[in-house]
Amino acid sequence: MVPFHKGEVMIQNTHSPFMDCCNRLLELRDSYPPLKTAVVHPADAASLGSAVDAAKEQLIIPVLVGNADKIWSVAKAEKLDISKFELVATEHSHAAAEKAVELAHTHQVEALMKGKLHTQEFLQPIVAHDSGLRTSRRMSHVFIVAVPSYHKPLFITDAAINIVPNLDTKRDIIQNAIDLFVLLGWGTPKVAILAAVETVDAKMPSTLDAAALTVMAARGQITGGIVDGPLAFDNAISREAATAKNIISNVAGDADILIVPDLESGNMLYKQMRYLFGVESAGIVLGARVPLILTSRAAERGQTRLASCALALAVARRRQQESSTPVC
């Protein structure tokens, strides 16, 4: 098996499920040039070190955007060589986010990567109506996790962007995740729309949305995946649980994508996996003009950040291939 990180910061335990998932992502990058990426306010060891690591792996070409004194201070403290990287100096982190969006608008960078700043601060200029990076599709975040007790990688969405999504937003969240799965060449995904129960209950809006979204998929308003819901978490990922409850479904017990009802439930689900069971992840924001690499400020330098860079590279380059393919 090819290790995830070939350079000086070799990551151990290459036979873990997450490493297998990482390798699948890295296999996609072999024929792609690195992604020129604005690293927004990399003023801590994790974000700046990860940018250096990703550059060594030829995943990105970092453009460091932020307070120059703080960035150089971190580089010296961590013994990181950033002399060969472009550094765009700004006064503070908010200005760095605004400048990164400007660089994307003028095609000077191909992706944005969050450094040491709050997610809201990172996203504010991105979602601005007049000057941001919006498209016709609602932005949403996808975590790709590999759980040792599950038989394949899982997508979890949206646990970072949309707080209380309505039906139309949920439709875009689902479509974004399906499009990512297909873009990676992983086939046709099975999409489980989660709720607390697997039956429709008028007192539980999440079950009504799930049922409506399932019908929308059947009517072609959501394409590219097999969609079913509402499904409770247990019967979405466990065939035994689905069988015990007499659930007949092409998705139950074999889901590829988990659609959570809202940000709070998704965030808690992901962090439970991360902090109780040590599950690693790759994460990306979809629906913007360029890929957005969005990782937690608490994420350490290593697997999560590198895998997210690999994911962004694969997404950007495959989109470019699709857009340049002649239509017969």
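Quick note: structure is the one above.
Residue indices begin from 1 for each chain and proceed along its sequence in written order. Owing to the predicted nature of the model, reporting of local features is limited to residues with pLDDT of at least 70; listing and counting of side-chain atom pairs is limited to 80 or more, with chain, interface and lining totals taken over all residues. Neither water nor hydrogens contribute to the side-chain values; these are computed over all heavy atoms in the structure.

Asker: Mind showing me how you'd approach the overall build of the protein here?
Answerer: In terms of helices and strands, the protein carries 11 helices and 11 strands. Burial status across the protein gives 55% buried among its 328 residues. Pairs at least 24 residues apart make up 69% of the contacts formed inside the protein by residues separated by at least 6 positions. Each accessible area value is a Shrake-Rupley result obtained with a 1.4 Å probe; residue values ignore everything except the protein chains displayed when judging cover. Here the protein displays about 14800 Å² of accessible surface, and carbon together with sulfur accounts for 51% of that area. Secondary structure is summarised from DSSP: a helix means a run of H or I of at least four residues, a strand means a run of E of at least two, and numbering begins at the N terminus for each. Note on exposure labels: buried denotes an accessible area under 20% of the residue type's maximum, exposed denotes more than 50%, and partly exposed covers the range between, all computed with a 1.4 Å probe on protein chains only. By definition in these notes, contact holds between two residues if any of their heavy atoms fall within 4.5 Å.

Asker: Please clarify how the side chain of asparagine 176 should be interpreted in this entry.
Answerer: By the element assignment, asparagine 176 lies in helix α6 (residues 167-183). Owing to a relative accessible area of 4%, asparagine 176 belongs among the buried residues under this scheme. We call two N or O atoms a polar contact when they sit within 3.5 Å, provided that within protein one can donate a hydrogen and the other can accept it, with sequence-adjacent residues counted only if both atoms are side-chain atoms. Among the polar contacts made by the side chain of asparagine 176, one reaches the side chain of arginine 137 at a distance of 2.8 Å.

Asker: So what exactly am I meant to see when it comes to the side chain of serine 93 here?
Answerer: Relative to the helices and strands, serine 93 resides in helix α4 (residues 93-105). At 2.6 Å, the side chain of serine 93 and the side chain of glutamate 121 are in polar contact. Ignoring anything within four residues of it in the chain, the contact list for serine 93 reads His41, Leu117 and Glu121.

Asker: Please clarify how α6 should be interpreted in this entry.
Answerer: Since the α-helix turns once every 3.6 residues, residues separated by three or four places project in the same direction. Along its 17 residues, α6 runs 24 Å from first to last C-alpha, staying within 8% of the 24 Å computed at 1.5 Å per residue. Taking burial as the measure, the 17 residues of α6 include 12 buried ones, the bulk of the element. Thr169, Lys170, Asp172, Ile173, Ile174, Gln175, Asn176, Ala177, Ile178, Leu180, Phe181 and Leu183 are the residues of α6 that are buried. Backbone geometry just after α6 places glycine 185 at a positive phi near 80 degrees. Take the number of residues in a helix, subtract one, and multiply by 1.5 Å to get its expected span.

Honestly, that's just the spatial picture; any functional story needs more than this.
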